Amino acid sequence: QQQVKQSPQSLIVQKGGISIINCAYENTAFDYFPWYQQFPGKGPALLIAIRPDVSEKKEGRFTISFNKSAKQFSLHIMDSQPGDSATYFCAASTVSGRALTFGSGTRLQVQP
Amino acid sequence: SQTIHQWPATLVQPVGSPLSLECTVEGTSNPNLYWYRQAAGRGLQLLFYSVGIGQISSEVPQNLSASRPQDRQFILSSKKLLLSDSGFYLCAWEARRKNIQYFGAGTRLSVL
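Residues numbered from 1 in each chain as written. Chains lettered and ligands numbered in written order. Predicted model: local features only at pLDDT ≥ 70, side-chain atom pairs only at ≥ 80, totals over all residues. Heavy atoms only, no water.

1. Remarks on the sheet that holds strand 6 (residues 56-59) of chain A
Whether parallel or antiparallel, the strands of a sheet pair through hydrogen bonds between backbone atoms.
Residues and elements named next belong to chain A.
Here's step 1: In space, the 5 strands of this open sheet follow the order 1-3-8-7-6, with antiparallel pairing throughout. Two strands lie at the open edges of the sheet, namely strand 1 (4-7) and strand 6, each paired on one side alone. The average undirected angle you get between the axes of adjacent strands in this sheet is 15 degrees.
Here's step 2: Of the strand pairs in this sheet, strand 6 and strand 7 (residues 62-67) are connected by 4 bridges, and their pairing is antiparallel. (Pairing = 2+ DSSP bridges. Helix = DSSP H or I, 4+ residues; strand = E, 2+ residues; numbered from the N terminus. Axes fitted to C-alpha atoms, helices over the stretch in contact; angles between N-to-C directions.)

Quick look at the structure:
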């Protein structure tokens, strides 16, 4: 059973545009929601994370929006750049849990 | 600072041959350790995790096994590789109760 559903599978955005990736979860016990960025041939790296006590977290051009009642969270990349082209994974876990549950990934391509 | 090493970077093996992938972590003690597999264009599938020496939990029944002979060493093995074992294998470590997983550079395994 997939516990974190991610969409879209792929996304093409023009340089300077806004990239939006969405995730939905089922397990109400989840209380930690990170996003990972992966470049081709590399391991994923933590990009930004949020806990459900806040509805939004911003770090530079990257923002996580969190809707606890809808069990959804999203990543917004403002002023998208070609260097942002990568695969993005959402994930979820519990603080006391043992492992992250990852979404299926979104391949983002930012065209110059 | 903490670093994670994974080797080899690439590996081509015939069907039925054995496998040994190694992962070591430096600069931390008593980490949680993980093995993931990523099929081409797909998400991350958790294979094994370990909370201590000799403590291995398996998430997916298969012909792979894992061992943790030392605190900061995690090994992924197989006695006989299958074609379906091809993929990108990632090792990750996590400080206790920090929920941030740091990934290695990965091993691309091709079983022919």
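Now that the structure is up, let's keep going.
2. Let's talk about the interface of chain A and chain B
Here's step 1: With 20 residues of chain A in contact, the opposing surface of chain B contributes 19 residues.
Here's step 2: Across the interface of chain A and chain B, roughly 1500 Å² is buried in total on both sides, 52% from carbon and sulfur atoms.
Here's step 3: Across the contact surface, chain A and chain B share 0 salt bridges.
Here's step 4: Put simply, chain A and chain B have 3 residue pairs in polar contact (both at pLDDT 80 or more) between them.
Here's step 5: Looking at the side of chain A that touches chain B residue by residue, the classes come out as 9 nonpolar, 8 polar and 3 charged. (Contact = heavy atoms within 4.5 Å. Buried area = accessible area lost by both parts, 1.4 Å probe. Salt bridge = Lys/Arg side-chain N within 4 Å of Asp/Glu carboxyl O. Polar contact = N/O pair within 3.5 Å; in protein donor to acceptor, adjacent residues only side chain to side chain. Nonpolar A, V, L, I, M, F, W, Y, C, P; charged D, E, K, R; others polar.)

3. Points about the side chain of B:Asn32
Here's step 1: Positionally, B:Asn32 belongs in strand 4 (residues 32-38).
Here's step 2: Ignoring sequence-local partners within four residues, the contact set of B:Asn32 consists of B:Ser50, B:Val51, B:Arg68, B:Ala92, B:Trp93, B:Glu94 and B:Arg96.

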